[in-house]
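Spelled out, the chains give:
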Amino acid sequence: VAEADYIYELLLSRNKHHPGLYYNLGYCYLKSGDQTKALRYFRRSLENCVNYQPTLDIIEKYRTKGQEL
């Protein structure tokens, strides 16, 4: 996760408003078990694009399973 975090921070420094970058970083944290950081990046994704479908899908997937992000 540390390497992904570094790479995505570099990418975000060039394009701070790309919802996909925030989504991907959130997904990395989700898979590593850090739901708090994952949710932070998913929220940032939606702040940059309120209807970014991949982020909406992952949040809905976890709600459907009865889990909250």
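Refer to the structure printed above.
Residues numbered from 1 in each chain as written. Predicted model: local features only at pLDDT ≥ 70, side-chain atom pairs only at ≥ 80, totals over all residues. Heavy atoms only, no water.

K.L.:
Before we go on, may I ask you to explain the side chain of Thr55 in this structure?
P.N.:
As for its position among the elements, Thr55 is in helix α4 (residues 53-64). Judged by relative accessible area, which is 0%, Thr55 ranks as buried. (Helix = DSSP H or I, 4+ residues; strand = E, 2+ residues; numbered from the N terminus. Buried < 20%, exposed > 50% of the residue type's maximum accessible area, 1.4 Å probe, protein only.)

K.L.:
Help me understand the packing of aromatic side chains, please; the structure alone is not making it clear to me.
P.N.:
For any two aromatic rings, the description comes down to two numbers: the centre-to-centre distance and the angle of the planes. Tallied over the full model, the rule gives four aromatic pairs. Ring centres 5.8 Å apart and planes at 5° place the aromatic pair Tyr29 and Tyr41 in the stacked group. On the criterion of sequence distance, the pair formed by Tyr29 in helix α2 (residues 19-32) and Tyr41 in helix α3 (residues 35-48) is long-range, its members being 12 residues apart. Comparing Tyr29 with Tyr41, the two get one shared label, buried. (Phe/Tyr/Trp six-rings, centres within 6.5 Å; stacked < 30°, edge-to-face > 60°.)

K.L.:
Before we go on, may I ask you to explain the environment of Gly26 in this structure?
P.N.:
Assignment of secondary structure puts Gly26 in helix α2. Placed 14 residues apart in sequence, Gly26 and Arg40 show a C-alpha to C-alpha distance of 7.3 Å.

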